[in-house]
Amino acid sequence: MSQTTESIAEEPVFPGGSHRLDFGPGVTRLDVAGIVGPRGLSIAPASMLLGQARDQKLRVIARGRPTDIDHHPDAVLAKRISWPHAVVLPGLVNAHAHLDLTHIGPRNYDANRGFVGWVEMVRTLRLNNAEEILGSVRRGAELSLAGGTVAIADIAGAVDGRPNPTAARALVDSSLWGASFIEFFALPKPGEFAARRLDDLFAPLLTEMRTHAGGPVRVGLQPHAPYSVGPEGYVWACRIASELGVGISTHLAENATEVELIARGTGPLRDFLEGLGRWNSAVAELFGRGCSPVEHLLSALAKRPMLAAHGHALSDADIERLGRARTTIVYCPRASEYFGAQLELGPHRYRDLLAAGVPVALGTDSIIGLPPSEAVGRISILDEMRCLHARDAVSPSILLDMATVHGGRALGIDDSAFSLDAGSHPLGLVAVGVDPSARSGENPLERVLRTNSPPHLIYIRPRRAANKA
Ligand SMILES: [Zn+2]
């Protein structure tokens, strides 16, 4: 018999923090208000039968309407958990984060100082002490887990202008899955090959990157942005990433300042580069050719699929180019509102990208741009989904694909890690309390998106099961 008609007015009590649901030996039956998964899976009310193998990989034995599960042979002896006012979804993927900036916390954006002023603020507040960087990433990882994240594409920021593996090490030591991308800057200098300089800078890091190439957290490369790395640096990153079997992430087409520098070779970013002593004849030659940021990087984008954060300034031709290049665009809705990208460049074209077959994943960007009220206790892709749902009325099932499989694929994680179908081994499970007074038949994910309830990561596959992933 289903227990979903029980009336419990307040939010169910979930295990939290490091005390996740202990599935233990045997079969657990979870009776909930609904389950939702990628590609439109939506059942309400729902029951799941879950079992945990010895390697602690959770397996969905069966899922369906409670009355269907009642008849399953494994239901007889199952331990029963009833959360009639919770919806269960797969663990979420944050496809663009800067956990090493967590110590800074949310800050106001000073529109008068603009994007360059903001970059200068981050340069001033960025940590350069290894212990402190480890602490900031650890805190960011905790907030991410509290946000229902199972996998993340995190950027290990350059320290004193040089690539630094500290933040990547912190992520490797966390319980998250995904990748850390080591950031670098590489504008050309006259008479010098940027590739040779990068070979020297990365020589001490390659062994470590290779070691993690098949692990639960890969260590990849992040050429910072088209205004701080020349196309030659991007092509170098493609070559190394392909040799090591790791991924590439970058910032691309983020704002009008970047568009101006690339197309015309002018504007605040040029002043900024001049102030840093990075402007020279070789750099001047790169810019001012009337190209869009995507066109400017086409030679590298075509070489290897990348995760490209933001993608605000995109023409129809750019969208076609991204489709051919198999680039995944990471849209960070709250960060984009924080920077006023919509005011500068018009609405983000994520729906046009999706329609053209370009995968769009969701990211949070750094905590600096998150609304202070929403960044208390969590960094969450669910809040990005809520932002888009409230603003654009995007279909919940499209949002869930953007929050799971689109980012997962770009991180080399198979779609099955986000499936809640029978026989699948989900990487994580998230439970969210919903308003008990919902209309019957209402889409369960819609109910999740309408509340502000925190996500609870009730299960994340332990990393000791990594070798069996
Ligand atoms: Zn970023």
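Worth saying up front: this structure is predicted, and the values here are computed from it rather than measured. (Residues numbered from 1 in each chain as written. Predicted model: local features only at pLDDT ≥ 70, side-chain atom pairs only at ≥ 80, totals over all residues. Heavy atoms only, no water.)

### Overview of unusual backbone geometry
Stated formally: Each helix corresponds to a stretch of at least 4 residues labelled H or I by DSSP, and each strand to a stretch of at least 2 residues labelled E; elements are numbered beginning at the N terminus. Burial classes follow relative accessibility: with a 1.4 Å probe on protein chains only, a residue under 20% of its type's maximum area counts as buried, one over 50% as exposed, and anything between as partly exposed.
Cis geometry is adopted by the peptide bond preceding Pro45, which originates at Ala44 and carries an omega value of -15°. Following the sequence through the fold, Pro45 ends up in the loop between β2 (41–43) and β3 (46–52). Backbone geometry places Arg39, a non-glycine residue, at a positive phi of 55°. You can see Arg39 is positioned in the loop between β1 (27–37) and β2. According to the relative accessible area criterion, Arg39 is exposed, its value standing at 54%. Despite not being glycine, Asp160 shows a phi value in the positive range, around 50°. Relative to the helices and strands, Asp160 is located in the loop between β7 (149–156) and α4 (166–172).

### Let's talk about the coordination of the zinc ion
For clarity, the cut-off: Atoms are scored as donors when they are N, O or S and lie within 2.8 Å of the metal, with 3.2 Å used for Na, K and Ca; no water is included, so coordination may look incomplete.
For the zinc ion, the protein coordination sphere consists of His96 (NE2), His98 (NE2) and His251 (NE2), at 2.0 to 2.1 Å. Mapping the donors of the zinc ion onto the primary sequence gives the spacing H-x1-H-x152-H. With a gap of 155 residues between them, His96 in strand β6 (residues 92–97) and His251 in strand β10 (residues 249–252) connect regions that are remote in the sequence. Judged by relative accessible area, which is 1%, His96 ranks as buried. Here His251 falls in the buried class, since its relative accessible area comes to 5%.

### Comments concerning the sheet that holds strand β12 (residues 328–331)
Note the threshold: What makes two strands pair is DSSP finding at least two bridges between them. Angles shown run from 0 to 180 degrees and are taken between the N-to-C directions of axes, each axis being a line fitted to C-alpha atoms and, for helices, limited to the stretch in contact.
The strand order β10-β11-β12-β13 describes an open sheet built from four strands, whose pairing is parallel. Two strands lie at the open edges of the sheet, namely β10 and β13 (360–362), each paired on one side alone. For this sheet the average axis-to-axis angle between neighbouring strands, irrespective of direction, equals 35°. Summarising the sheet, strand β11 (residues 307–310) and β12 pair through three bridges and their orientation is parallel. Across the sheet, the residue bridging to Ala308 is Ile329, located in β12.

### Notes on the sheet that holds β7
The strands making up a sheet are joined through hydrogen bonds of the backbone, oriented either antiparallel or parallel. The strand order across the open sheet formed by four strands is β6-β7-β8-β9, and the pairing between neighbours is parallel. Sheet topology places β6 and β9 (217–223) at the edges, where each strand pairs with a single neighbour. For this sheet, the mean angle separating the axes of adjacent strands, direction not counted, is 15°. Relative to strand β8 (residues 177–184), β7 runs parallel, the two sharing six bridges.

### Looking at the nonpolar core
The condition is simple: By nonpolar core we mean a set of buried residues, namely Ala, Val, Leu, Ile, Met, Phe, Trp, Tyr and Cys, connected to one another through side-chain atoms within 4.5 Å. What makes two residues a contact is simply this: any of their non-hydrogen atoms within 4.5 Å.
With 108 residues, the main nonpolar core has Leu89, Phe184, Phe202, Trp236, Leu322, Met385 and Leu411 as its most contacted residues. It is helix α7 (residues 231–244) that provides the largest number of residues to this core, a total of seven residues. Once you skip the residues sitting within four places of it in the chain, Phe184 turns out to touch Leu198, Phe202, Leu221, Gln222, Pro223, His224, Val229, Gly233, Trp236 and Ala237. Grouped together as the second largest cluster of nonpolar side chains are 23 residues, Ile104, Phe272, Phe287 and Ile368 included.

### A word on empty space enclosed by the protein
The line we're drawing: Here a cavity denotes a set of grid points, spaced 1 Å apart and computed over the protein atoms alone, in which a 1.4 Å probe fits but from which it cannot get out, and a pocket denotes an open set meeting protein on both sides within 12 Å along at least five of seven lines; residues with an atom within 4 Å of a point are reported as lining. Grid points are joined across faces, edges and corners, and a volume is the space filled by probe spheres set on the points.
The tally for this structure, following the rule as stated, stands at four cavities of 30 Å³ or more. Its boundaries defined by the atoms lining it, the largest cavity holds a volume of some 90 Å³. As for the largest cavity, its lining consists of 13 residues, and the residues nearest its centre are Glu254, Asn255, His312, Phe339 and Ala341. The set of elements that each furnish at least two residues to the lining of the largest cavity consists of α14 (333–338) and α15 (341–345).

### A closer look at the side chain of Asp415
The test is simple: Contacts described as polar in this section are N or O atom pairs within 3.5 Å, which, within protein, must combine one atom able to donate a hydrogen with one able to accept it, while residues neighboring in sequence count only if both atoms come from side chains.
With respect to the element layout, Asp415 can be found in the loop between α19 (405–410) and β14 (428–433). Asp415 gets classed as buried once you look at its relative accessible area, which sits at 18%. A polar atom in the side chain of Asp415 sits 2.8 Å from the side chain of Arg409. If near-sequence neighbours (up to four positions away) are discounted, Asp415 is found in contact with Arg39, Val405 and Arg409.

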